Amino acid sequence: MPELSLLAAVVDASALPLLGLWALLATKLCVGEALRRAERRFLVALVIISLVTLRTVIRHDEVWLIHTMTLGMMVLGVFMVPSREGQIAI
């Protein structure tokens, strides 16, 4: 059974940052109607990661720093990563 808890900890530490990175990059790479869907997915991912980060900080889990960095990456990435929206000529 210790293997199962170790696997859960690894998934907890790696799945949420990958979800956040995927949502951020999808928002920055999509255009048109796909961009609107990606923005909705980004907002949902941001809320989920915010709640999970709050839970890990309250419970003093080992992965609190990873979740906090993921949340910070998503918030700052919106402003720092350039978007393709203005580069596409119609």
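I will try to describe carefully the structure that is included in this document. It should be emphasised that the depicted structure is a prediction, and the values quoted were computed from it without experimental measurement. (Residues numbered from 1 in each chain as written. Predicted model: local features only at pLDDT ≥ 70, side-chain atom pairs only at ≥ 80, totals over all residues. Heavy atoms only, no water.)

### A closer look at the overall build of the chain
Okay, step 1: Scanning the chain from N- to C-terminus turns up 3 helices and 0 strands.
Okay, step 2: Its helices and strands taken in sequence order, the chain reads α-α-α from the N to the C terminus.
Okay, step 3: Scaling as 2.2 N^0.38, a compact globule of 90 residues should have a C-alpha radius of gyration of about 12 Å, whereas the chain reaches 15 Å, well beyond that.
Okay, step 4: Overall, the C-alpha framework of the chain stretches about 55 × 25 × 15 Å when taken along its three principal axes.
Okay, step 5: When contacts within the chain are restricted to residue pairs at least 6 apart in sequence, long-range pairs at least 24 apart make up 62% of them.
Okay, step 6: When the accessible surface of the chain is summed, it comes to about 6300 Å², and 75% of that surface belongs to carbon and sulfur atoms. (Helix = DSSP H or I, 4+ residues; strand = E, 2+ residues; numbered from the N terminus. Rg over C-alpha atoms; globule rule 2.2 N^0.38 Å. Contact = heavy atoms within 4.5 Å. Areas by Shrake-Rupley, 256 points an atom, 1.4 Å probe, with all protein chains shown as cover.)

### Some remarks on helix H3 (residues 64–80)
Okay, step 1: With 17 residues, H3 should cover 24 Å at 1.5 Å per step; its first-to-last C-alpha distance of 24 Å lies within 8% of that length.
Okay, step 2: Among the residues of H3, His67, Thr70, Leu71, Met74 and Gly77 are the ones counted as buried.
Okay, step 3: Lining the buried residues of H3 we find helix H1 (2–29) and helix H2 (33–59). (Expected span 1.5 Å × (residues − 1). Buried < 20%, exposed > 50% of the residue type's maximum accessible area, 1.4 Å probe, protein only.)

### Looking at the pattern of salt bridges
Okay, step 1: Under the criterion given, the structure shown has 3 salt bridges.
Okay, step 2: We note a salt bridge from Asp61 to Arg59, for which the minimum N-O separation is 3.9 Å.
Okay, step 3: What makes Arg59 exposed here is its relative accessible area of 52%.
Okay, step 4: Three or more residues are tied together by salt bridges with common partners; here these are Arg55, Arg59 and Asp61. (Salt bridge = Lys/Arg side-chain N within 4 Å of Asp/Glu carboxyl O.)

### Comments concerning the packing of H2 against H3
The geometry of a pair of packed helices is captured by two quantities: the angle between their axes and the separation between those axes.
Okay, step 1: Running from N to C, H2 and H3 point in directions that differ by 150°, and their axes come no closer than 9 Å. Considering the angle they form, H2 stands roughly antiparallel to H3. The handedness of the crossing between H2 and H3 is left-handed. Across from Phe42, Ala45, Leu46, Ile49, Ser50, Val52, Thr53, Thr56 and Val57 in H2, the residues of H3 making contact are Trp64, His67, Thr68, Thr70, Leu71, Met74, Val75 and Val78.
Okay, step 2: Classifying every residue of the contact of H2 with H3 by side-chain character gives 11 nonpolar, 6 polar and no charged. (Axes fitted to C-alpha atoms, helices over the stretch in contact; angles between N-to-C directions. Parallel < 35°, antiparallel > 145°, perpendicular 65-115°, else oblique. Left-handed = near helix turned anticlockwise from the far one by under 90°. Nonpolar A, V, L, I, M, F, W, Y, C, P; charged D, E, K, R; others polar.)

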